[in-house]
Amino acid sequence: MSLIRSTAAELAAKIHGGEVSAVEVAQAHLDRISSVDKGINAFLHVDTEGALAAAKQVDDDVAAGRPVASPLAGVPLALKDVLVAEGMPTTCGSKILEGWHSPYDATVTRRLREAGVVILGKTNMDEFAMGSSTENSAYGPTHNPWDLDRIPGGSGGGSSAALAAFEAPLAIGTDTGGSIRQPGAVTGTVGVKPTYGSVSRYGLVAFSSSLDQAGPCARTVLDAALLHEVIAGYDDRDSTSINAPVPPVVAAAREGASGDLSGVRVGVVTQFSGEGYQPGVLASFEAAVEQLRQLGAEVVQVSCPSFDYALPAYYLIAPSEASSNLARFDAMRYGLRVGDDGSHGAEEVMSLTREAGFGAEVKRRIMIGTYALSSGYYDAYYGSAQKVRTLISRDFDAAFATVDVLVSPTTPTTAFKIGERSGDPMAMYKADLCTIPSNLAGNAAMNVPSGLSADDGLPVGLQIMAPPLQDHRMYRVAAAYEVARDAAQGGPLIQRVPQLEGI
Amino acid sequence: MTSVADLMDYDEVVERFDPMLGLEVHVELHTKTKMFCGCANEFGGEPNTHVCPVCLAAPGALPVVNGIAVESAIKIGLALNCEIAEWCRFARKNYFYPDMPKNFQTSQYDEPIAFNGYLDVTLDDGEVFRVEIERAHMEEDTGKSLHVGGTAGRIHGAEHSLLDYNRAGVPLIEIVTKMIPGTAERAPEVARAYVSALRDLLKALDVSDVRMDQGSLRCDANVSLSPKETGVLGTRTETKNVNSLRSVERAVRFEMTRQAAILAEGGEIVQETRHFEEASGTTRAGRRKETAEDYRYFPEPDLVPIAPSREWVEELRLTLPEMPAQRRKRVQAEWKLTDAELRDLVNADAVDLVAATVEAGATSVEARSWWVSYLMQQANTRGVELGALPITPAQVAKVVALVNEGALTNKLAREVVIGVLDGEGEPEQVVEARGLKVVSDDSALEKAVDEALAAQPDVADKIRDGKVAAAGAIVGAVMKATKGQADAKRVRELVISRCS
Ligand SMILES: [Zn+2]
C-alpha cells in the first residue's frame, strides 16, 4: 500500500524499523498536498521546511539506534489552525489574525513536537471554530473529498478533509459543540473529543472556554488512540486541566480489536432519532447497533429528556463565553489594525478593526453572547442555560449508572451541499444536535464511521459516549465495531473515497 | 473648576447635613510574580519588559492563580475580622479599554474571598471608631497608558498613546467598607484615619509596599450628604486619584462642601466619578458616559473555584503578626507614654524603629528622643521618610551606648550620626575617622582649665567666692579650646574643684 494510504501505526512501524525514512513519508504527504489541496483547501499553511526538519530528526534517531521519541515519531500530522505553533502563522480562519505568528507553542503543539510527530501545516476551519461546515472560514470553504460540492463538516473541516484526502494520516481537531465528531461523521473518519480537562487548552485559541477540547482525528480507531496518548495529560498552565492518569486508550483499542464486546452494556439514546434525521443515517445507525449486539454487547434504550434543551443552552453559553474571549482582538497588540491613520482614536480603531476583521457568524455570536450576559437578561439566558447544563449532566450520570457507553448517530444528516444552509443558521446549528450534550457535560465522546448512507452514498457516523475519564470504554467499543464493520462491508470504508488525483 | 462661592462653609455643612462615607481601597500585593502568570511583579522597569503571552492576552494563553496572592488575601481578610469564603470564584468584568489586554478584568464579583469584617480606627483624640468592612476581593491591575500630546496627559486631545503592560496582571486586593454613618463633622478625619490604619495593618502583614505615591495603595472615596436627622440617603459621588493620606481627608471635606452648596440651592447631586486635584485640593467631574456601564459579569471559565480549607485558614490565622493597634497599646504601656507621646511616635511612623532600637540596647526614652527629634529633622532635610534614612536602629543604639559610656558628648554623637547617614560606615568608624573622641585625660583638661582661669581672673575670683553659676564661662572657654571634645560635666567638676 502506498505511503499516503497507510495508517499512522503502519507508518510508525516502517519508520522505526528503518524500512522507510520519515523524510520520505513527510515528502509523500507534502507531494499529495501539492497535487490535491487546490481542490480541497484543507490547508491554510503548509510548513514544508519545518516538517522535513522534524522528520530528519526522527531519521537521525533511528539511524543512530537511539530510542524514538514516541510510538508516533516520524508520522505526519495536520494541525487545526486554532492551536498556536511557533514558526507558523495562526489565523483561526479569521482575517483579524491574518499574518500573526504566535510567540509560543500550545501545550498540544509542544507535546506533538516532543513526540517527534511531523507537523505538516495548519488546517482550515470555520472562523474561531464557529460553524458546522467550514464555510465560515475567511480563507474560503474546504471541500469534502467524498463529493467536492459538499461540506467537510465543521468547524474542523480542514482536519477531517485532510484525512479523507490522504493528505495526512493524523490530525488535531478541537470540539466545542461537535467540531471534531461531526466533520469525522461526514468524511468517514474517526474523531475523538476526550473528557474535558484531559487535553490542555493552553495555546488553543478560546471560543468557549468551558466547552473547548482538543482531540485526535485519524482514519482508524487505533491511530486516534495513539495520538490521544501523545496529546493528553495534566498541564499546570491550564487551570481546568485534570490531574489524573491518561485513560489507557491504546490498550483499549487493541483489546477491542479482538472483536468481543460481551459484558458491555450499550445504551441507545432515544432522544436522537425521528423527525429531522435522514433515513439513510438512521438505517446505518440501526445496522451499527445490531453489529454491536452481535459482538456480544447488551443493548438497551436509554432516555435522556434534558438533551432536548441542549442545543438552546449551548447557543447561550458558547456565545456568552465567546463574546468575552474574543474581546482581546482589538488591534492594540497583534493582528489586523484598521483606521490607525492619525484621525481615529484608540477606541475607534478597535471598533473599525473588529468590524472589518470578524465575519458575519462571529459577529452574530458576539452579539448573542453580549445580549445574554447583559444585566437584566443574565438570569433568564445565561443563568437558565447553566441550569440546563446541570440537568444534562444528571441525565448522563443516570444513564451511565446503568450502561457502560451511550450511542447515537453523530449528526442527523450526511454532508450537505456547500451553500445549502449558509443562509439558515438554525438549520446549520442542528448539525450539532447529537454532539452538544457531551460538551455541556464534559464527558468523552467520539465518532466512528458506520458506512455509507443508502440514500446518497455519503459517509455516516456512529457516536459513542463514555463517562468522564472513561475514554477507554468508547475506544474498546469503537475498535471492535470497526473490525466488524470492515468485515461486513468488504474492507476499510475510507479506501472508497473517490480518486482525487489531478483535481 | 469650582469657585469658592460654590462651596458651603464647613461648619455650616455639618450643622445642616449628615455625611455618609464609603471607602474603596485597592492594594497591590508585593508577591514575586503577577496574579495569573510568572512575570515579575516589580514597580518601574523599562516599559513592556515584565510581560508574557498570558498578561499580554496573546491568543490561546490561559491564567493560573498565584497561590501566594490567595494566601495574602486570606490574611488580609482575617486581619480585618472577616469571614473567609469556603468556596469562591473569579468572574470576568467585561469592558473595552486599551490598557487592559483581555478587555476584561479577572476579578471577583458576588463571591469575594473575604466578607463581613471591621477595622477599629483610632482618631486623633484617641477615640476608637469602628469601620465595618463589606468585602475584600482579589483582582488584577491594568496596564498604564501614556497619552502624548494634548493637555495634561489626558486621552482627550492626545496625539497618540503609549501602552506599558508591566503593571497588567499585578495582584490587587480591593477592600470595600460598608456605608459608614455617624461620622458627622469628623468624616474627613475618619476617612484619613481609616486609610492610615489600613495601611499600617497591611504593612504589618507584609503583603504590600503600601506606597500611596507609587500607587500600590489607592483610595476611592464615596461621599453623600443627607439633610440632618432625616436619614434620607443622598446621591453619592466617587472621588478617585486620591494619592496621600492628607488628600483623603481633603477630598472628603471638599466633596462635603461642594455637595452641600448644591443641595442648599435645591440642586441635585449627579452620581458620577470625580477626580481629586492635588494642587487645588478640589475634585472635578470625570468624563461622563452616555450609557450606564454594563460589565456583563460571569464566572471566569478558565479558572476553577477556590475553596480554602478551614485548616488552612486557621493555620494562616496563627501566622498573623501582632496588629498595629494592639502593638501600640502594648508599647504605650511598656514605655509609659502619654497619648500625645504615642501619637507623635505614630505620626512619625517611628514605632517599629524605636522598638528595634530598644531591642538593640537603648532605653525607650533615648530611642524616642533620637528618632522623633534629631533623626526626624534629618529625614525632613533629606526629603525622605524616617524609615528610609540610611541608619539602622542598631547603629542608633550603638551611638546611645557610646554617649552613656562617656565616650561621646551629645554634640559629638550628633556628628557621628551625620557621618553614618553620609555613608562613612559604622559609628565607631566615624568616631575614628573624624577624630571625635571625648577628651577624658584629666591632666590635659586640668591644663586647659588652669589656662582659662588665668585668662579670666575676675571670673575665677567670683567662683572662689562661691558664685558657682559663674563657672559656665570657664567651662565654655575650655570647651572652645578643646574644640568641643571635652565632657562638659567633667570640665565643670574640675573648674569647681580648682577654685575651692
Ligand atoms: Zn506575564
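As the structure is a computational prediction, the values presented were derived from the model and not from experiment.

The next point concerns the confidence of the model for chain B. Per-residue confidence for chain B averages 91 on the pLDDT scale, and 96% of its residues sit at or above 70. Two numbers describe this predicted complex: its pTM, 0.89, and its ipTM, 0.96.

Take the coordination of the zinc ion next. All names here are of chain B. For the zinc ion, the protein coordination sphere consists of C37 (SG), C39 (SG), C52 (SG) and C55 (SG), at 2.3 to 2.4 Å. One way to put it: the four donor atoms around the zinc ion meet at angles of 99 to 114°, and that makes the site tetrahedral. When the donors of the zinc ion are listed by position in the chain, the intervening gaps give C-x1-C-x12-C-x2-C. Here the residue C39 occupies a position in the loop between strand 1 (17–28) and helix 2 (67–79), and C52 occupies one in the loop between strand 1 and helix 2, the gap between them amounting to 13 residues. For the pair shown, C39 and C52 are each scored as buried.

The next subject is the domain arrangement of chain B. Per the domain assignment, the segments making up chain B are domain 1 (4–311), domain 2 (322–434) and domain 3 (442–498). Taken over C-alpha atoms, the centre of domain 1 of chain B sits 66 Å from the centre of domain 3 of chain B.

This part covers the side chain of E321(A). Take E321(A): it is sitting in helix 10 (residues 310–325). Buried within the structure, E321(A) lacks any salt-bridge partner; R389(A) is the closest side chain of opposite charge, at an N-O distance of 4.5 Å. Setting aside chain neighbours within four positions, we find E321(A) in contact with F207(A), S208(A), S209(A), S210(A), L211(A), Y382(A), R92(B), F298(B) and P301(B).

Now for the pairing of strand 6 (residues 214–218) of chain A. Residues and elements named next belong to chain A. Counted residue by residue, strand 6 has five buried out of five residues, so it is predominantly covered. Where strand 5 (residues 190–193) lies against strand 6, two bridges are found, and the strand directions are antiparallel. Following the sheet pairing, V190 is matched in strand 6 by A218.

To continue, consider the sheet that holds strand 4 (residues 104–107) of chain B. Residues and elements named next belong to chain B. Read from one edge of the open sheet, three strands run 4-3-14, paired in antiparallel fashion. Here the strands that pair on one side only, and so sit at the sheet edges, are strand 4 and strand 14 (298–299). One ladder, built from four bridges, connects strand 3 (residues 91–94) with strand 4; its direction is antiparallel. Residue R92 lies in a different strand from strand 4, and its bridge partner there is T106.

All right, on to the state of the cysteines then. Each disulfide is one covalent bond, formed between the sulfur atoms of two cysteines. For the coordinates displayed, the defined rule picks out zero disulfides over all chains. Free of any disulfide, C219(B) has its nearest neighbouring cysteine sulfur in C82(B), separated by 17 Å.

It is worth spelling out the UniProt feature "active site" (unreviewed entry) in chain A at this point. All names here are of chain A. The feature "active site" (unreviewed entry), as given by UniProt, occupies K80, S155 and S179 in the numbering adopted here. These annotated residues cover 100 residues of sequence, and their C-alpha atoms lie no more than 10.8 Å from one another, placing them together at a single site. You can see K80 is positioned in strand 2 (residues 76–80). With a relative accessible area of 0%, K80 lands in the buried category. Within polar-contact distance, the side chain of K80 engages the side chain of S155 at 2.7 Å. Looking at the secondary structure, you find S155 in the loop between strand 3 (118–123) and helix 5 (157–164). Once you skip the residues sitting within four places of it in the chain, S155 turns out to touch K80, N124, M125, D126, A129, M130, G131, S132, T134, T174 and S179.

What counts, and at which threshold
- Sequence positions are assigned chain by chain, starting from 1 and proceeding in written order.
- Whichever chain is written first is A, and whichever ligand is written first is 1; the rest continue in order.
- Residue-level local features of this predicted model are given only where pLDDT is at least 70; pairs of side-chain atoms are given and counted only at 80 or more, and the full residue set underlies all totals for whole chains, interfaces and linings.
- Only heavy atoms go into the side-chain values, all of them from the structure, while hydrogens and water stay out.
- For every residue, the pLDDT score states the predictor's confidence, bounded by 0 at the bottom and 100 at the top.
- Atoms of type N, O and S within 2.8 Å of a metal are treated as its donors, and for Na, K and Ca the window is 3.2 Å; water is not considered, so some sites may appear to be missing partners.
- Square planar and octahedral sites, with four and six donors, are those where opposite donors lie more than 155 degrees apart and all other angles lie between 65 and 115, tetrahedral sites have four donors with every angle between 85 and 135 degrees, and the rest are irregular.
- In DSSP terms, a helix is any run of H or I states spanning at least four residues, a strand is any run of E spanning at least two, and both are numbered starting from the N terminus.
- Partly exposed residues are those whose accessible area sits between 20% and 50% of the maximum for their type, while under 20% is buried and over 50% is exposed, using a 1.4 Å probe and protein chains only.
- The domain limits used here are those given by an automatic or database domain assignment.
- Under the counting rule used here, the positive set is Lys and Arg, the negative set is Asp and Glu, and His together with the chain ends is not counted.
- Whenever a carboxyl oxygen of Asp or Glu lies within 4 Å of a side-chain nitrogen of Lys or Arg, that contact is scored as a salt bridge.
- By definition in these notes, contact holds between two residues if any of their heavy atoms fall within 4.5 Å.
- Strand pairing requires that DSSP identify at least two bridges connecting the strands.
- Any cysteine sulfur atom paired with another within 2.5 Å is treated as part of a disulfide.
- UniProt positions are given in the numbering used here, feature names are shortened, and annotations may be inferred rather than shown by experiment.
- Here a polar contact means two N or O atoms within 3.5 Å. Within protein one must be a hydrogen donor candidate and the other an acceptor candidate, and residues neighboring in sequence count only if both atoms are side-chain atoms.

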